[in-house]
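Listed below, chain by chain, are the residues.
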Amino acid sequence: MVAAGASGPGRAVELRSDTFTLPTAEMLDAMVRAPLGDDVYGEDPTVNALEQRAADLLGKAAAIFMPSGTMANLAALMAHCPRGAKVIVGEDSDIYVYEAGGASVCGGITYHPLPNQPDGTLALHDIEAAFPLDPTDPQFALPALICLENPQNHTGGRVLPLEYLAGVRDLADRRGVKVHLDGARIFNAAVASGVPASTIAAYADSVQFCLSKGLSAPVGSMVVGDAAFIARVRRIRKMLGGGMRQSGVLAAAGLVSLDTIVPRLHEDHATARRLAEGLARVPGIDLDPRPVQINMVFFRLADPHADLGEFIERVAAHGVRVAELGKGRVRCVTHLGITPADIDRAVDVMAKVLAEEMTAEPMRSGAHA
């Protein structure tokens, strides 16, 4: 199985993100042939089929097709939280860092960021401390929602343990709040945990997952939850401008991704491990020593004074694209468009660039000032 447009001599090895995946030939064919209707009226049969499939896979009563993960998370938070409420999030979470403060701007919701632990979790005692001692005191915004991210991207693609999820569920039930899971790559977490995605989703009231990351569909995310919650999300989607008429042309690719890409995600984890093993042998690379859990590999340059931006530019000139995520840290993400041969090429290129720098002018920060 090859992503459309992913093959051919001289192509770049694209490791910046799995959002760069392209739809497969099977997806493109399904998009052309999809039966369509007006989804705002609930009459697009392909969207309806995708929503039912997503709900079934995650063990929830209902689902809704959303234009993006950002809108999906935003609509979920707004559906859970009244204006003036507080949502507990990780300070390294995508919801808090990369989604433009939408819950505050659009929903009147206050973020309460907590430190993510190195394993991606939020410490239970930190979550407890986010609740006011006296909830009747009108000075305080009251928590309505706990948001988790699994896998946790910014802390190194870490998969949250099931026993931890159970602990958060118990805490939320005791405190009378809901749990939303930003599960953009929940199927990667499921592969790493050796359980169905529905087992992970069972600990949350709602889940968002992306079709357009490692699942290779061109557009879209899903929100799943109970029927009443999804009805609220549907209304909010319309308010945010996310109603997409004959969107079955996009949903068709999502159906194919769930049927054909999810079963092969373990291959992306294997290529990520291959990349980590190769980079571990390259002088000048300081690899995250923790085992690779999903399709992400993180490293730094061993020389603290090296110019990471210049390193990224030089490897890109050799056809290998990587990106900085977190100050001074590189993230590489494997996906359908990356083969074992691509991994070997990427390792060779990075080793060559670093070796050249050891015998030439160092890549020093500010060298070109």
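Attention here is on the structure that accompanies the text. (Residues numbered from 1 in each chain as written. Predicted model: local features only at pLDDT ≥ 70, side-chain atom pairs only at ≥ 80, totals over all residues. Heavy atoms only, no water.)

Comments concerning the pattern of salt bridges
Pairing of side chains with opposite charge becomes possible as their charged atoms draw close. Using the criterion set out here, one finds 18 salt bridges in the structure. Between Arg169 and Asp173 there is a salt bridge; the shortest N-O distance is 2.9 Å. Taken together, the residues Arg169 and Asp173, both in helix H7 (residues 162-175) and four residues apart, mark about one turn of the helix. Judged by its relative accessible area of 12%, Arg169 is buried. One continuous salt-bridge network, built from bridges that share partners, spans Glu14, Arg16 and Arg321. (Salt bridge = Lys/Arg side-chain N within 4 Å of Asp/Glu carboxyl O. Helix = DSSP H or I, 4+ residues; strand = E, 2+ residues; numbered from the N terminus. Buried < 20%, exposed > 50% of the residue type's maximum accessible area, 1.4 Å probe, protein only.)

Brief notes about helix H11 (residues 248-261)
With 14 residues, H11 ought to run about 20 Å at 1.5 Å a step, and its terminal C-alpha atoms sit 19 Å apart, in line with that. The buried fraction of H11 is high, at 12 of 14 residues. For H11, every residue scored as buried is listed here: Gly248, Leu250, Ala251, Ala252, Ala253, Gly254, Leu255, Val256, Ser257, Leu258, Thr260 and Ile261. Close packing links the buried residues of H11 with helix H1 (25-33), helix H2 (45-58), strand E2 (62-66), helix H8 (186-193), strand E7 (206-210) and helix H12 (265-279). (Expected span 1.5 Å × (residues − 1). Contact = heavy atoms within 4.5 Å.)

Considering the pairing of strand E5 (residues 143-149)
Counting buried positions over the seven residues of E5 gives seven, a clear majority of the element. Here strand E3 (residues 86-90) runs beside E5; their pairing, made up of three bridges, is parallel. Bridging from a neighbouring strand, Lys86 pairs with Pro143 of E5. One ladder, built from five bridges, connects E5 with strand E6 (residues 178-182); its direction is parallel. Directly across from Ile146, in E6, lies its bridge partner Val179. (Pairing = 2+ DSSP bridges.)

Observations regarding the layout of surface pockets
The calculated volume of the largest pocket comes to roughly 350 Å³. Lining the largest pocket are 23 residues, and of these Asp94, Glu99, Ala184, Cys210 and Lys213 sit closest to its centre. For the lining of the largest pocket, the elements supplying multiple residues, two or more each, are helix H3 (69-80) and E7. Ranked by residue count, the leading element in the lining of the largest pocket is H3, at three residues. For the lining of the largest pocket, the class distribution of residues is six nonpolar, 10 polar and seven charged. (1 Å grid on protein atoms, 1.4 Å probe; cavity = no way out; pocket = protein on both sides within 12 Å on 5 of 7 lines; lining within 4 Å. Points joined across faces, edges and corners; volume = space filled by probe spheres on them. Nonpolar A, V, L, I, M, F, W, Y, C, P; charged D, E, K, R; others polar.)

Topic: the packing of H1 against H11
Two numbers describe how H1 lies on H11: the axes approach to 8 Å, and their chain directions differ by 145°. The two elements H1 and H11 cross, and the hand of that crossing is right-handed. Side by side, H1 and H11 meet where Glu26, Met27, Ala30 and Met31 of the first sit next to Val249, Leu250, Ala252, Ala253, Val256, Ser257, Thr260 and Ile261 of the second. A per-class count over the contact of H1 with H11 returns nine nonpolar, two polar and one charged. (Axes fitted to C-alpha atoms, helices over the stretch in contact; angles between N-to-C directions. Left-handed = near helix turned anticlockwise from the far one by under 90°.)

Considering the packing of H8 against H12
Where H8 meets H12, the axes come as close as 9 Å, and the angle between the chain directions of the two elements is 75°. Overall, the two elements H8 and H12 adopt an arrangement that is roughly perpendicular. Contacts from Phe187, Asn188, Val191 and Ala192 of H8 reach H12 at Leu265, His266 and His269. Here the contact of H8 with H12 is composed, by residue class, of four nonpolar, three polar and no charged. (Parallel < 35°, antiparallel > 145°, perpendicular 65-115°, else oblique.)

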